[in-house]
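Per-entry structural report
Single-letter residue listing:
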Amino acid sequence: MDSLKLKDFLHPRPAPRGIDVLCKLQHFSIITYAVNPSRFEGLFPERFELDTLEINGEEKALISVVPFIDVDFTSAVFPFPKFTMGQTNYRIYIIDKKTNERCVWFLGTTLDSWTLAVPRFVWNLPWYSGKVKFDCEFDSSTRLYSQYKMVTQADWAPAHVELTQSADSKLELPGFPDVETGLVYLTHPLAGFYYRRDGQLGTYRVWHKALEVKPANLESANFGLLSRLGLVTPEEQQVAHSVLVEPINEFTIYLPPKVIR
């Protein structure tokens, strides 16, 4: 894998319009696992290929669980009520062979909000209901979490994860030529693709500044979706490729999602 520079992937925010959304993501984490690429066979169309890397002489593909709380979720254009809701995304890192863009394939999302009705039923997104609870202790002076717990009660993707941080933790991203390349790969895909609930191919885009993530330690994890699909076993879930955390950031989401015919 060639080295990547974040400056080559940053660009000014496209002006929001229409129903585009602005939201802050609190307790944002990216818990990533490196597994055999064969586990993802058949999950996405031929248009895409896995964005693999080599770790200890073996080809690996990466999948991330991304929990956070949407805070101040609102219109990016018009005065609108603000919503708060827990959310977790499940994503695989891929390359769009049509554009050569690094992007992600969404297995789906759990959302703790009545507003789930819009993405699920209006746009047919693979989003599912879940009761999400965060129990976090963040020290604003050190900007580190002494405690980070997230529990999701859900039929589709029950989840439980506990993280900690320490001042002496070093950011290591195995398989990448350097840390910056790994951060571009893991934190800066701006396009996502997925199968809609009606089977059609869908996509949407986001924009954000460079994320200011720090490493965290995985204390325990149990992601029911990854176990059920045979993507990452319960035992493998205890050893992450990497864990990145940022207390809060801001995303612009460009809506509505598009259908690719």
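Read on for an overview of the structure. Note that the structure is a prediction, hence the values are computed from the model and not measured.

Parameters and conventions
Residues numbered from 1 in each chain as written. Predicted model: local features only at pLDDT ≥ 70, side-chain atom pairs only at ≥ 80, totals over all residues. Heavy atoms only, no water. Helix = DSSP H or I, 4+ residues; strand = E, 2+ residues; numbered from the N terminus. Rg over C-alpha atoms; globule rule 2.2 N^0.38 Å. Areas by Shrake-Rupley, 256 points an atom, 1.4 Å probe, with all protein chains shown as cover. Lys, Arg positive; Asp, Glu negative; His and termini not counted. Charge placed at Lys NZ, Arg CZ, Asp CG, Glu CD. Phe/Tyr/Trp six-rings, centres within 6.5 Å; stacked < 30°, edge-to-face > 60°. Salt bridge = Lys/Arg side-chain N within 4 Å of Asp/Glu carboxyl O. Buried < 20%, exposed > 50% of the residue type's maximum accessible area, 1.4 Å probe, protein only. Pairing = 2+ DSSP bridges. Contact = heavy atoms within 4.5 Å. Core = buried A, V, L, I, M, F, W, Y, C linked by side-chain atoms within 4.5 Å. Polar contact = N/O pair within 3.5 Å; in protein donor to acceptor, adjacent residues only side chain to side chain. Axes fitted to C-alpha atoms, helices over the stretch in contact; angles between N-to-C directions.

**Observations regarding the overall build of the protein**
Along the backbone of the protein there are three helices and 15 strands. Taking 2.2 N^0.38 as the reference for a compact globule, 261 residues should give roughly 18 Å; the C-alpha atoms of the protein span a radius of gyration of 17 Å, in line with that estimate. Dimensions of the protein along its principal axes, counting C-alpha atoms only, are 45 × 45 × 40 Å. Carbon and sulfur atoms provide 51% of the accessible area of the protein, an area that totals close to 12,700 Å². Between the averaged position of the 27 positive side-chain charges in the protein and that of its 31 negative side-chain charges there is a distance of 8 Å.

**Considerations on the packing of aromatic side chains**
The full count for this structure, using the stated rule, is 16 aromatic pairs. Between Trp105 and Tyr195, the aromatic rings sit 5.0 Å apart at their centres with planes inclined by 80 degrees, giving edge-to-face as the arrangement. Here the residue Trp105 occupies a position in strand β6 (residues 101-111), and Tyr195 occupies one in strand β11 (residues 191-195), the gap between them amounting to 90 residues. A network of ring pairs unites the aromatic residues Phe44, Phe48, Trp105, Phe193 and Tyr195 as a single cluster.

**Some thoughts on the pattern of salt bridges**
Any two side chains of opposite charge can pair, given that their charged atoms come close. With the rule as written, the count across this model stands at eight salt bridges. Of the charged contacts in the structure, one is a salt bridge between Asp51 and Arg102, with a shortest N-O distance of 2.5 Å. Placement of Asp51 in the loop between β2 (48-50) and β3 (53-55) and of Arg102 in strand β6 is noted, with a sequence separation of 51 residues between them. Given the relative accessible area of 27%, Arg102 is considered partly exposed. Among the salt bridges present, the one from Glu58 reaches Lys60, with a minimum N-O distance of 3.4 Å.

**Brief notes about the pairing of β11**
Counted residue by residue, β11 has four buried out of five residues, so it is predominantly covered. Pairing geometry for β6 and β11, over two bridges, is parallel. Across the sheet, residue Val104 finds its bridge partner in β11, namely Gly192. In terms of strand pairing, β11 meets strand β12 (residues 201-207) through five bridges, oriented antiparallel. When the sheet's bridge partners are listed, Tyr194 is paired in β12 with Gly202.

**A closer look at the environment of Phe138**
Along the chain, Phe138 falls in strand β8 (residues 131-139). Taking the C-alpha atoms as reference, Phe138 lies 29 Å from Leu116; in sequence the two are 22 residues apart. Residues in contact with Phe138, not counting those within four places in the same chain, are Arg143, Leu144, Tyr145 and Pro247.

**So, the nonpolar core**
By size, the foremost hydrophobic cluster in this structure holds 41 residues, and its most contacted members are Tyr90 and Phe223. Here the element with the most residues in this core is strand β4 (residues 58-75); it accounts for five residues. Look past the residues within four positions of Phe223 in its chain and what remains in contact with it is Ile31, Tyr33, Val65, Tyr90, Pro158, Ala159, His160, Val161 and Gln237. Among the nonpolar cores identified, the runner-up in size contains 33 residues, and Val21, Phe68, Trp127 and Leu190 belong to it.

**Some thoughts on the environment of Gly86**
When you line up the elements, Gly86 lands in strand β5 (residues 83-96). Separated by 42 residues in the primary sequence, Gly86 and Tyr128 place their C-alpha atoms 12 Å from one another.

**Quick look at helix α2 (residues 179-187)**
Taken as a whole, α2 has its buried residues at Thr181, Gly182, Val184, Tyr185, Leu186 and Thr187. The backbone nitrogen of Glu180 lies 3.3 Å from a side-chain oxygen of the residue at the head of α2, namely Asp178.

**As for the sheet that holds strand β9 (residues 144-153)**
The strand order across the open sheet built from four strands is β8-β9-β10-β14, with neighbouring strands paired in antiparallel fashion. Strands at the two margins of the open sheet, each flanked by one partner only, are β8 and β14 (217-223). Each adjacent strand pair in this sheet contributes to an overall mean axis angle of 0 degrees, direction not counted. Sheet topology note: the β9/strand β10 (residues 159-164) ladder contains five bridges and is antiparallel. Each residue of the ladder has a partner; that of Met150, found in β10, is Val161.

**So, unusual backbone geometry**
Looking along the chain, the bond that leaves Leu255 and enters Pro256 is cis, with omega of 0 degrees. Among the secondary structure elements, Pro256 is positioned in strand β15 (residues 242-260). In the Ramachandran plot, Asn100 falls in the positive-phi region, its phi being about 65 degrees despite a non-glycine side chain. Of the residues examined, Asn100 reaches a relative accessible area of 64% and is grouped as exposed.

The values reported here are purely geometric and, on their own, carry no functional implication.
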